[in-house]
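The lines below spell out each chain.
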Amino acid sequence: MKKAFFFIVLTILTLSMVAVYASNIQITLDKQEYVVGETVTITYSDADGDANAWFAIYPQGEEPYQSYPGTEKVWAYANSNSEQAGSEPVTEGTVTLSTEGLAPGEYRCSYFVDIGYNVGATVTLKIVEESTNPETSDAIAYIPFMIGAILSLMVLKRKAVNI
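Here we summarise the structure given alongside this text. (Residues numbered from 1 in each chain as written. Predicted model: local features only at pLDDT ≥ 70, side-chain atom pairs only at ≥ 80, totals over all residues. Heavy atoms only, no water.)

1. Quick word on the nonpolar core
- In this structure, Ile 42, Phe 55, Ile 57 and Leu 125 are the most contacted members of the largest nonpolar core, which totals 25 residues.
- Elements supplying a minimum of two residues to this core: β1 (26-29), β3 (39-45), β4 (54-59), β5 (74-77), β6 (93-98), β7 (105-113) and β8 (118-128).
- Excluding residues that lie within four positions of it along the chain, Phe 55 makes contacts with Ile 27, Ile 42, Tyr 44, Val 74, Trp 75, Ala 76, Ala 78, Val 95, Leu 97, Cys 109, Ser 110 and Tyr 111.
- By size, the runner-up hydrophobic cluster in this structure holds 5 residues, among which are Trp 54, Tyr 58, Tyr 77 and Phe 112. (Core = buried A, V, L, I, M, F, W, Y, C linked by side-chain atoms within 4.5 Å. Buried < 20%, exposed > 50% of the residue type's maximum accessible area, 1.4 Å probe, protein only. Helix = DSSP H or I, 4+ residues; strand = E, 2+ residues; numbered from the N terminus. Contact = heavy atoms within 4.5 Å.)

Next up, the structure:
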């Protein structure tokens, strides 16, 4: 009976520690949709300063500790932006991860603490083969203006000839 009570108390304390991590750190991505091969820029703040904290991108609906085939996920330590841990703990910064090799689909980007799989915060993202929201170049944005300017000049020239 005492062992069961001790186990329950230990479990509650462990879960409450994970909840504290989730309530403190703030993570944001530079956008929500990426074309395969693009770089994801993760900005974080209010982290706990864990020198072994790391970020990973892995398939939505999968647990981060499952083994995935091949280049299934990408990751980096928060304090070094690489797969080699830095020596100093950090509480804010930026990490970049490439989506190269990841299949199109829904993913999660998570911040992990304690050199394990304790999730501190998670955001979702989508990886696509080609962008569904192509950027408009400045040249295209000026086409209506240029058409209007040309038509105005034609009208002015016609009026000048008719005078």
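2. Brief notes about the packing of aromatic side chains
- Under the defined criterion, the tally for this structure stands at 9 aromatic pairs.
- Considering the side-chain rings of Trp 54 and Phe 112, the 4.4 Å spacing of their centres and the 25 degrees angle between planes classify their relative orientation as stacked. Here Phe 112 lies in strand β7 and Trp 54 lies in strand β4, a separation of 58 residues in the sequence. Each member of the pair Trp 54 and Phe 112 is classed as buried.
- Ring-pair connections join several aromatic residues into one group, and the members of that group are Trp 54, Tyr 58, Trp 75, Tyr 77, Phe 112 and Tyr 117. (Phe/Tyr/Trp six-rings, centres within 6.5 Å; stacked < 30°, edge-to-face > 60°.)

3. Re the sheet that holds β3
- Ordered by their spatial adjacency, 3 strands build an open sheet running β1-β3-β6, and the pairing between neighbours is antiparallel. Sheet topology places β1 and β6 at the edges, where each strand pairs with a single neighbour. Each neighbouring strand pair of the sheet contributes to a mean axis angle of 25 degrees, computed without reference to strand direction. (Pairing = 2+ DSSP bridges. Axes fitted to C-alpha atoms, helices over the stretch in contact; angles between N-to-C directions.)

4. Some words on unusual backbone geometry
- Despite not being glycine, Asp 46 has its phi angle at roughly 60 degrees, a positive value.
- Of note, Asp 46 is situated in the loop between β3 and β4.
- Look at Asn 81: it is not a glycine, yet its phi comes out positive at around 55 degrees.
- Residue placement: Asn 81 occurs in the loop between β5 and β6.
- Taking the relative accessible area as the measure of exposure, Asn 81 reaches 34% and is therefore partly exposed.

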